[in-house]
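Residue strings, one per chain:
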Amino acid sequence: QVQLVESGGGLVQPGGSLRLSCAASGRILSINIMGWYRQAPGKQRELVARITSGGSTNYADSVKGRFTISRDNARNRVYLQMNSLKPEDTAVYYCNADRLSYRIGSGSYNEYDYWGQGTQVTVSS
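Residues numbered from 1 in each chain as written. Predicted model: local features only at pLDDT ≥ 70, side-chain atom pairs only at ≥ 80, totals over all residues. Heavy atoms only, no water.

1. Brief notes about the overall build of the protein
- Scanning the protein from N- to C-terminus turns up 0 helices and 12 strands.
- Shown N-terminal to C-terminal, the secondary structure of the protein runs as helices and strands in the order β-β-β-β-β-β-β-β-β-β-β-β.
- For the protein, the C-alpha atoms occupy an extent of roughly 50 × 25 × 25 Å along the three principal directions.
- In the protein, which comprises 125 residues, the share counted as buried stands at 39%.
- Long-range contacts, defined here as pairs at least 24 residues apart, represent 58% of the contacts in the protein between residues at least 6 apart.
- Put simply, the protein shows about 6,800 Å² of open surface, and 42% of that area lies on carbon and sulfur atoms.
- If you average the places of the 14 positive and of the 9 negative side-chain charges in the protein, the two averages end up 5 Å apart. (Helix = DSSP H or I, 4+ residues; strand = E, 2+ residues; numbered from the N terminus. Buried < 20%, exposed > 50% of the residue type's maximum accessible area, 1.4 Å probe, protein only. Contact = heavy atoms within 4.5 Å. Areas by Shrake-Rupley, 256 points an atom, 1.4 Å probe, with all protein chains shown as cover. Lys, Arg positive; Asp, Glu negative; His and termini not counted. Charge placed at Lys NZ, Arg CZ, Asp CG, Glu CD.)

Below is the structure:
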């Protein structure tokens, strides 16, 4: 069974930094795209950043220049370095895997939208 587990969230003051990590476990063959999404109370879940297996990245305009996404393909992990944090960055941050291939027994399977359970990030004085 495949599992995505986020960590690294917490409370930080405006202007501070946090580093989020997401570990994918299981008999994983490949993950095409890994990304971070966030959802604040009363708002829709939105894309923060994503990265392909080849290292190409995309960022939301609101975080561009402040956040950096990276991944370790060998360990099936993705990271989000968050600098110059603002109160509006406060949200639950979710790890996402797009087109995740894995094995169970002798079979192989594809998942096109796989989610972690989220980690809370709070930016406040």
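Still more to cover.
2. Describing the sheet that holds strand S7 (residues 67-72)
- What the 4 strands build is an open sheet, ordered S1-S3-S8-S7; its pairing is antiparallel. Of all strands in the sheet, those with a lone pairing partner are strand S1 (3-7) and S7, marking the two edges. On average, each strand axis in the sheet is inclined to that of its neighbour by 15°, with strand direction left out of account.
- Across 6 bridges, strand S3 (residues 18-25) lies against strand S8 (residues 77-82) in antiparallel orientation. Across the sheet, residue Cys22 finds its bridge partner in S8, namely Val78. (Pairing = 2+ DSSP bridges. Axes fitted to C-alpha atoms, helices over the stretch in contact; angles between N-to-C directions.)

3. Section: unusual backbone geometry
- Its identity as a non-glycine residue notwithstanding, Asn76 has a phi of 55°, on the positive side.
- On the secondary structure map, Asn76 appears in the loop between S7 and S8.
- Classification of Asn76 as buried rests on a relative accessible area of 16%.
- The phi torsion at Ser84 lies on the positive side, around 50°, for a residue other than glycine.
- Here Ser84 falls in the partly exposed class, since its relative accessible area comes to 40%.

4. Some thoughts on the pairing of S1
- Only one face of S1 is buried: it carries Leu4 and Glu6, and the other face, with Gln3, Val5 and Ser7, is open.
- With 5 bridges joining them, S1 and S3 adopt antiparallel strand pairing. Bridging from a neighbouring strand, Gln3 pairs with Ser25 of S3.

5. Concerning the packing of aromatic side chains
- Scanning all chains against the criterion turns up 2 aromatic pairs.
- Ring geometry for Tyr37 against Trp115: centres 5.0 Å apart, planes inclined by 65°, an arrangement best described as edge-to-face. One end of the pair, Tyr37, is in strand S4 (residues 28-39); the other, Trp115, is in strand S11 (residues 114-115), and 78 residues separate them in sequence.
- Since its relative accessible area comes to 16%, Tyr37 is described here as buried.
- Trp115 gets classed as partly exposed once you look at its relative accessible area, which sits at 30%.
- The ring of Tyr94 has Arg45 sitting right over it, with the charged end atom 3.7 Å from the ring centre.
- Lying over the aromatic face of Trp115, Arg45 brings its terminal NZ or CZ to 4.7 Å of the ring centre. (Phe/Tyr/Trp six-rings, centres within 6.5 Å; stacked < 30°, edge-to-face > 60°. Lys NZ or Arg CZ within 6 Å of the ring centre and 35° of its normal.)

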